[in-house]
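Inside the fold
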Amino acid sequence: MSIAETPMQRDRARTVFEKSLSGRRAFVAPALDVDARPLDELLPARMRRTEPPRLPEIAEPEIVRHFNGLSKRNFDLDTGFYPLGSCTMKHNPKLHERVAALPGNARLHPLQAPERSQGALQLMYELQVALGEIAGLPHVSLHPSAGSHGELAGVLLTRAYHEDRGDHRTKVLTPDTAHGTNPATVTMAGYEVVKVGTNADGGVDVDDLRAKTDDQVACLMLTNPNTLGLFDRNIGEIASIVHEVGATLYYDGANLNAVMGISRPGDMGFDIVHYNLHKTFTQPHGGGGPGAGPIAVSDRIEPYLPRPQVTSSGALAPAKPGRTKSDSPEASGGADQVIYHLDYDRPKSIGRLRGFQGNYGVFVRSYAYILSLGGDGLREASETAVLNANYLLARLKEKGVAEYLPVAYDRLCMHEFVLSGTAMKKDLGLRTLDLAKRLLDFGLHPPTVYFPLLVDEALLIEPTETETKETLDAFADVVAEILREAADDPGIARDAPYTTPVRRLDEAGAAKRPVIRQAL
Amino acid sequence: MSRYTSVTDDDREQMLAAIGVSSVEALFADIPAAVRLDRPLDIAPGKPEQEVYGYLRDLAARNVSTEDEVSFLGAGMYDHYVPSIVDSITSRSEFLTPYTPYQPEISQGGLQVMFEYQTAISELTGLPVSNASVYEGPSAVAAAGYMARLQNKRSRFLVSRGLHPHARETLETTARGFGAKVEEIPLLDGVTDPDALQEAISDDVAAVFLAQPNFLGAVEDLEALAPVAKTTGALLVVAADPLTLGVLRAPGEFDVDICVGEGQTLGNRLDFGGPSFGFFAAQEAYLRKMPGRISGETTDVDGRRGFVLTLQTREQHIRREKATSNICTAQALNALAGVIYLSWLGRRGIVDIGELMLQRTAYARSALAGIEGVELVHEQPVVREFAVALDAPVSKVIERCTVAGVNPGYALGTDYPEWENGLLVALTEQRTRADIDRLVSVLGAAVAAERTGVAA
């Protein structure tokens, strides 16, 4: 297929450094208002930089055009459907940016005294209470910076818990469906990874689990629903196998969006949970962060939580998330005024995993989300996410699609599901990658591809609750259309995309001869 | 129907019919009754947007921000001016709402931003390779420790007492996991004691960690320390404040192996401590052991210049338990703010702002040292921050100052009991001479009052 070069394709990439010209500037420094002293007196010459770093020299109008131009070379969630499995690309409410930018939040120094940052600490405390209720676990730390950071915290908590009892274990179990972050985390925390198989049903192979569980196992890391989008029906038995040998059960919260208000990890027997606030609680993904990865734990793990921990005193009852100002105790003043603290006095704590108190700006957005939805709305979000996923799956089970892209495990799914492109590859000569690239020409973000690893030519599809039925229908129609097109001429998809700012890129060449900065 | 979902009753009926079940409830049949929540979540019902805004605005109003007082608080995060173009560009949905650029053909904007960011960080640090960001400063130090350990398999870390206390603690927390020991090198006259370092160094040291400038604001003599640190093949890691690198020699000039740091000072707001970003730059030899995303230049099938995530065989989603790090989501949007800020500041601006900080800090330092009952903790060169010791209880002095609308700095004794009444004072381009003069008068009065026992 030949298509004329689009204007954006004609506009070749130039970096901001290539737009720089000596003498241009955007920044004007405030005037020196103290008596100037010779620099040599302030900083010995041998410590001073002689050649200024070659940063761009460019005026504001061109900075704006440069980055605006770059932005147009990105696809984004506010523009179109983004069913990237396991990433929960749900709508990012605009209110959240407004409240996060309030000066009392944005310009609050992290070392401001607790008595002068009570609003921030109250917000964090109330978020802790809400997250704990959602997970069904009593203690929450907001400290970790992202999901993988929460995982590291969780495995280090497990280590601290066992070692405190004089129990030195060596192994952590992860299912073969796990996110790559799980095994990578296990290695970083100094444990050996032991893989557990998957049964014909798409759940943990319980016999394999039993065979591999012994007193050297420190922990089982599990995602439930798992990365196949399936809820493990044997969760009760799995939990008891793990607990029988004294190991902890870790919940990877990447898929929490399926079960809010419906089923809670704590009630399933999990000891440690991490949340991805950038997934379930709609912190914008930012092109790859920021996120936040708070953790919730059971009583036996609590002493080891990272520090500092946000606590409260003076309340007759724990704060209820989402109360309004008029019914909050401090509005009336009086003897039962609640005071919030940063508690460092935690002798068994594993310590810090980062600076300060965590990604507070993310907490503001996620708490705004919880307040907006409320307990009822969170449950509705999960129900709708599961409804949307099952509906899209039903549409993709129709004739014209299902014979090429059958569902990997034919059950009701939760918030996401996995198709296999094996038949498509064999019968149409189209790999999953080709289908993904052809979707780009239709203005759609492809699903996650080639994950989970145990499904050949996998497509992991997560529509989320914020999409309309029309959008889901349109996606199913496009997939069917691409498959019809491929039946006539598979070459079209194999050479796709055609309309994107650049076409298929030479990734092997990039890795072979890495060029990772602009030559200056 | 909540305001962020669109499924109507009609939709639901049609969708359930297509699925072949009778109710939404039936979709959850796989969840055993024993693990179902049999009551509503104990979280208040949802509220309209204007009420959520009002509630959160009232909470924010209970915080005293740098908008409300003249603040000299620093100690790792600094109140610099964030230019309007940063907010304007980072709030564009094309940057705010996509995820990691797994599909490069529709993510060239984000990938090119990473490439430009990597270039800017390389240029600032004087090191040839940079990744596309890590979480933040202290965890970047821990990531450097893990990489050093992967590189030379050794098990001791030597850490300057001048490294940020949060970074030292973070390194210790993570090192306990992978089985390395952290030992501290003391300070002498405000900087890392070279003799103590010499004494501690041996061939089982995996890495030596220094800060530039250090926590007390002092500029370390990297020229003298680097050869000592590197005598036995340990990696030298320097945690730097990037906004001082317009006036300070680049760490790369001293044979440093890894330079990391907190990127907040580059166009990111304070946000009570996060999100910001951490940077991670290194010598070429470590390219394939680096943590995190890296953007690389390449071409498309028609020969157009383009960018992709590269060297992904280091990463968790490919290499799993053999990955060089578990990091996945990092801080792309904050790193974007960083590269916009550096473009705005420009080649001249980063020197101008550095020299302005040098001059104002020198002015403030000598003015404070002139106060009765205030002494310098050290006389080393400083760029933007310095430490003084008060002859009065520091917490009470701070309290008196804040009542007068001035936050004089950070109580050093929190982390350094040896300076029980120490105060760490930070400057930015936002603190004018008038602000400094006010600090001098307010702090002077507070110290005097405490020394003579006047009631607050």
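Here the residue numbering is sequential within each chain, running from 1 through the sequence in written order. Throughout, the order in which chains and ligands are written sets their labels, letters from A for the former and numbers from 1 for the latter. With pLDDT at 70 or above as the cut-off, local features in this predicted model cover only qualifying residues; side-chain atom pairs require 80 or more to be listed or tallied, and sums for whole chains, interfaces and linings still use all residues.

**Observations concerning the overall build of chain A**
In this description a helix means any DSSP run of H or I spanning at least four residues, a strand means any run of E spanning at least two, and both kinds are numbered starting from the N terminus. The helix and strand inventory of chain A stands at 17 helices and 12 strands. Both definitions apply: the radius of gyration is a C-alpha atom measure, and the globule rule equals 2.2 Å times residues to the power 0.38. Taking 2.2 N^0.38 as the reference for a compact globule, 520 residues should give roughly 24 Å; the C-alpha atoms of chain A span a radius of gyration of 26 Å, in line with that estimate. Projected onto its principal axes, the C-alpha positions of chain A cover 75 × 70 × 50 Å. Contacts in chain A between residues at least 24 apart in sequence constitute 75% of all its contacts with a sequence separation of at least 6. Here the contact rule is simple: place C-beta atoms from the backbone, and any two residues whose C-beta atoms are within 7 Å are in contact.

**A word on the overall build of chain B**
Regarding its fold elements, chain B presents 13 helices and 17 strands. C-alpha atoms of chain B, sized along the principal axes, occupy 80 × 55 × 50 Å. Within chain B, the fraction of its 456 residues that count as buried is 63%. For chain B, restricting intrachain contacts to residue pairs at least 6 apart in sequence, the fraction spanning at least 24 positions comes to 74%. In this scheme every C-beta is placed from the backbone, and a residue whose C-beta has 20 or more other C-beta atoms within 10 Å is buried, one with 12 or fewer is exposed, and one in between is partly exposed.

**Things to note about the pairing of strand 11 (residues 295–299) of chain B**
Along any regular strand the residues' side chains alternate between the sheet's two faces. All names here are of chain B. Burial of strand 11 is extensive: four of the five residues sit out of reach of the surface. By definition, two strands form a pair when at least two bridges between them are found by DSSP. The pairing of strand 11 with strand 12 (residues 305–309) spans five bridges and is classified as antiparallel. Bridge assignment links Ser295 to a residue of strand 12, and that residue is Leu309. Adjacent in sequence and paired antiparallel, strand 11 and strand 12 are bridged by five residues, among which Gly303 carries a positive phi angle near 90°.

**Quick look at the domain arrangement of chain A**
Residue and element names in this part refer to chain A. For each domain, the first and last residues come from an automatic or database assignment. The domain architecture assigned to chain A consists of domain 1 (96–370) and domain 2 (374–507). Counting residues at the interface gives 20 residues for domain 1 and 21 residues for domain 2. Grouping the amino acids of the side of domain 1 that touches domain 2 by side-chain chemistry returns nine nonpolar, nine polar and two charged. Think of it as three bins: nonpolar holds Ala, Val, Leu, Ile, Met, Phe, Trp, Tyr, Cys and Pro, charged holds Asp, Glu, Lys and Arg, and polar takes everything else, Gly as well.

**Some words on the domain arrangement of chain B**
Each assigned domain of chain B is listed here: domain 1 (9–56), domain 2 (70–79 + 347–452) and domain 3 (84–341). Inter-centroid distance (C-alpha atoms) of domain 1 of chain B to domain 3 of chain B is 43 Å.

**Re the interface of chain B and chain A**
Across the contact, 169 residues belong to chain B and 182 residues belong to chain A. Top contributing element to the side of chain B that touches chain A by residue count: helix 11 (residues 332–369) of chain B, with 23 residues. A class-by-class count of the residues in the side of chain B that touches chain A yields 80 nonpolar, 50 polar and 39 charged.

**Topic: the confidence of the model for chain A**
Do not read the fine detail of predicted coordinates wherever pLDDT is low. Here chain A averages 95 in pLDDT, and 96% of its residues register 70 or above. Values of pLDDT, the confidence the predictor places in each residue, fall between 0 and 100. The low-confidence segment residues 324–335 of chain A, where pLDDT is below 50, has 12 contacts with residues more than four positions distant or belonging to other chains.

**Section: the sheet that holds strand 9 (residues 258–262) of chain B**
Across a sheet, paired strands are connected by hydrogen bonds in the backbone, their directions being either parallel or antiparallel. All names here are of chain B. The seven strands are arranged 2-10-9-8-7-3-4 in an open sheet whose pairing can be described as mixed. Among the strands making up the open sheet, the edge pair consists of strand 2 (129–130) and strand 4 (181–185). With four bridges connecting them, strand 3 (residues 156–160) and strand 7 (residues 205–212) associate as parallel partners. Bridge pairing links Val159 to Phe209 in strand 7. Think of each axis as a best-fit line through the C-alpha atoms, taken over the contacting stretch in the case of a helix, with angles from 0 to 180 degrees between the N-to-C directions. Each of strand 3, strand 7, strand 8 (235–240), strand 9 and strand 10 (278–282) touches helix 6 (residues 137–152); the most contacted strand, strand 9, lies at about 160° to it.

**Points about the environment of A:Met188**
Mapping A:Met188 onto the fold places it in helix 8 (residues 181–188). C-beta crowding within 10 Å serves as the criterion here: with 28 such atoms nearby, A:Met188 is assigned to the buried category. The contact partners of A:Met188, leaving out residues within four places of it in the chain, are A:Leu152, B:Tyr146, B:Gly177, B:Phe178 and B:Asn326.

**Side note on the environment of B:Leu197**
Residues and elements named next belong to chain B. Looking at the secondary structure, you find Leu197 in helix 8 (residues 194–200). Judged by the 21 C-beta atoms lying within 10 Å of it, Leu197 is buried. Taking the C-alpha atoms as reference, Leu197 lies 61 Å from Arg3; in sequence the two are 194 residues apart. Apart from residues no more than four positions distant in its own chain, Leu197 is found in contact with Leu158, Ile185, Thr192, Leu225, Val228 and Ala229.

**Quick word on the environment of A:Arg494**
All names here are of chain A. Position of Arg494 relative to the elements: it lies in helix 16 (residues 490–494). Separated by 220 residues in sequence, Arg494 and His274 place their C-alpha atoms 39 Å apart. What Arg494 contacts, discounting residues up to four positions off in sequence, is Leu430 and Asp434.

**Some points on the packing of helix 6 (residues 118–135) of chain A against helix 2 (residues 49–61) of chain B**
Packed helices, taken two at a time, are described by the angle their axes make and the gap between the axes. At a minimum axis separation of 6 Å, helix 6 of chain A and helix 2 of chain B run at an interaxial angle of 130°. Viewed along their axes, helix 6 of chain A and helix 2 of chain B adopt a mutual orientation that is oblique. Taking contact as the criterion, the partners of A:Gly119, A:Gln122 and A:Leu123 in helix 6 of chain A are, on helix 2 of chain B, B:Leu59, B:Ala60 and B:Ala61. Considering only residue class, the contact of helix 6 of chain A with helix 2 of chain B consists of four nonpolar, two polar and no charged. Orientation is classified from the angle alone, with under 35 degrees giving roughly parallel, over 145 giving roughly antiparallel, 65 to 115 giving roughly perpendicular, and any other angle giving oblique.

**Section: unusual backbone geometry**
That bond from A:Asn224 to A:Pro225 is cis: its omega, 0°, falls within 30 degrees of zero. Relative to the helices and strands, A:Pro225 is located in the loop between strand 4 (217–222) and helix 10 (235–244). In this model, A:Gly289 is joined to A:Pro290 through a cis peptide bond whose omega is 15°. Looking at the secondary structure, you find A:Pro290 in the loop between strand 6 (272–275) and strand 7 (295–297). The phi dihedral of B:Lys153 falls on the positive side, at around 60°, and the residue is not glycine. Along the chain, the position of B:Lys153 falls in the loop between helix 6 and strand 3. Here the phi dihedral of B:Arg320 falls at roughly 50°; this positive angle occurs in a residue that is not glycine. With respect to the secondary-structure elements, B:Arg320 resides in the loop between helix 10 (316–319) and helix 11.

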